[in-house]
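These are the residues of each chain, in order.
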Amino acid sequence: EAKAKGKNTYHFYSKELNAAANERLYIENELRQGIRDSQFHLHYQPQVDSRDGRILGFEALVRWTHPVQGPISPFKFIPIAEATGLIVELGEWVMREACAFSARRAKAGLEANVSVNLSARQFQDANLIATMSKTLRESGIAPDKLHLELTESMLMGDVDTAISQLLEMKRLGVSISIDDFGTGYSSLSYLKRFPVDVLKVDRSFVQDIPEDSNDMEITAAIIAMAQKLNLNVVAEGVETKEQMEFLKANNCFIVQGYYFSRPLEEGAVNALPEHLEVEAP
Ligand code: C2E
Ligand code: MG
Ligand code: MG
Ligand code: MG
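In the annotation of an unreviewed UniProt entry, the entry for the chain reads cyclic-guanylate-specific phosphodiesterase, and the organism field reads Pseudoalteromonas ruthenica.

Here's what the structure looks like:
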């Protein structure tokens, strides 16, 4: 009987694996086509001063509307784009588009900071610096308007190579954020060696404030550490007033999350007031 059960289990898993492999293959092919057919666009999520609601900049987030499947989440297609190398081409497009957005905002006299997510594959790409430099030049934006978001795991492999790549990026005049901070290797001794400017506290620490006191302590500790290291700190995934108030009380003055705004189309973003509503505490 145990044997029969085992056999069923085997069939079950192989079916699931097959379906997953097929879906992966499907997405891979569709990604290729989607890049050719311009099926991608960007949304922009405001980063806000927790003290007065002023918009300080935006994170650019890629969106894919498939002609048949409709919207497909980046959580689904970014890892496949990464594994196949398609992320390099897609990522270059994202950077051009985000810089063009920043240029249009600057021309209109609006806040023009924009953050772009970089994937591991892009960070390792030998052409990254040349491409970034060309993109900045062609867009005409001041390089300090562009912020690149990397994750800890991208830095912790070959540390010396990572540092020299970061230094080349910094030489272009852009700034560097560590995204999803606290979820990766978090080697604190290395952290000071990396020429980074911003830590982004991962949403997983923010989402259970104020119910989870551990998360509150971790968040407060990351903010305090960032201050000691002279880094700016951004909290992501802020959904409630309590979370925003907690962050502000702990000296985290840059916040991003649904509490203020979801990621929006460029038109909607440009229609936002300079200050988003912050209710009195
Ligand atoms: P991320 O860089 O950590 O981006 C933040 C994600 O959290 C975004 O999901 C955003 O929509 C979501 N978010 C923001 N505020 C809240 C909130 O208050 N509550 C909740 N529940 N979620 C919130 P999104 O846009 O689905 O992107 C997911 C991930 O995909 C990103 O995480 C990033 O790692 C990756 N990604 C997105 N766009 C790009 C891109 O252009 N290039 C690369 N390489 N990766 C990208
Ligand atoms: Mg990010
Ligand atoms: Mg993040
Ligand atoms: Mg992320």
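What follows picks up the thread again.
Participant: How should the site of ligand 1 be read in this particular structure?
Facilitator: Taken together, 23 residues lie near ligand 1, and Arg63, Asn117, Asp179, Glu239 and Tyr258 sit nearest. Between ligand 1 and Glu239 there is a distance of 2.5 Å, counted from a nitrogen atom to a side-chain nitrogen or oxygen. Here Tyr258 contributes a backbone N or O atom positioned 2.8 Å from an oxygen atom of ligand 1. Summarising the interface, the protein chains cover 87% of the accessible area of ligand 1, which totals 800 Å² for the free molecule. Counting atoms within 2 Å of the grid points, the majority share of ligand 1 lands in the largest pocket.

Participant: Would you explain empty space enclosed by the protein in this entry?
Facilitator: One water molecule sets the probe size; rolling that probe over the atoms shows where empty space is left. Applying the stated criterion across every chain, the model contains two cavities of 30 Å³ or more. The volume enclosed by the largest cavity comes to roughly 50 Å³. Lining the largest cavity, in full, are Val88, Gly91, Glu92, Met95, Gln122, Asp125, Leu128 and Thr131. For the lining of the largest cavity, the secondary structure elements donating two or more residues are helix H3 (86-107) and helix H5 (128-139). If you tally residues by element for the lining of the largest cavity, the top one is H3, at four residues. Among the residues making up the lining of the largest cavity, the classes are represented as three nonpolar, three polar and two charged.

Parameters at a glance
- Residues numbered from 1 in each chain as written.
- Chains lettered and ligands numbered in written order.
- Predicted model: local features only at pLDDT ≥ 70, side-chain atom pairs only at ≥ 80, totals over all residues.
- Heavy atoms only, no water.
- Near = heavy atom within 4 Å.
- Polar contact = N/O pair within 3.5 Å; in protein donor to acceptor, adjacent residues only side chain to side chain.
- Areas by Shrake-Rupley, 256 points an atom, 1.4 Å probe, with all protein chains shown as cover.
- 1 Å grid on protein atoms, 1.4 Å probe; cavity = no way out; pocket = protein on both sides within 12 Å on 5 of 7 lines; lining within 4 Å.
- Sits in = over half its atoms within 2 Å of the grid points.
- Points joined across faces, edges and corners; volume = space filled by probe spheres on them.
- Helix = DSSP H or I, 4+ residues; strand = E, 2+ residues; numbered from the N terminus.
- Nonpolar A, V, L, I, M, F, W, Y, C, P; charged D, E, K, R; others polar.

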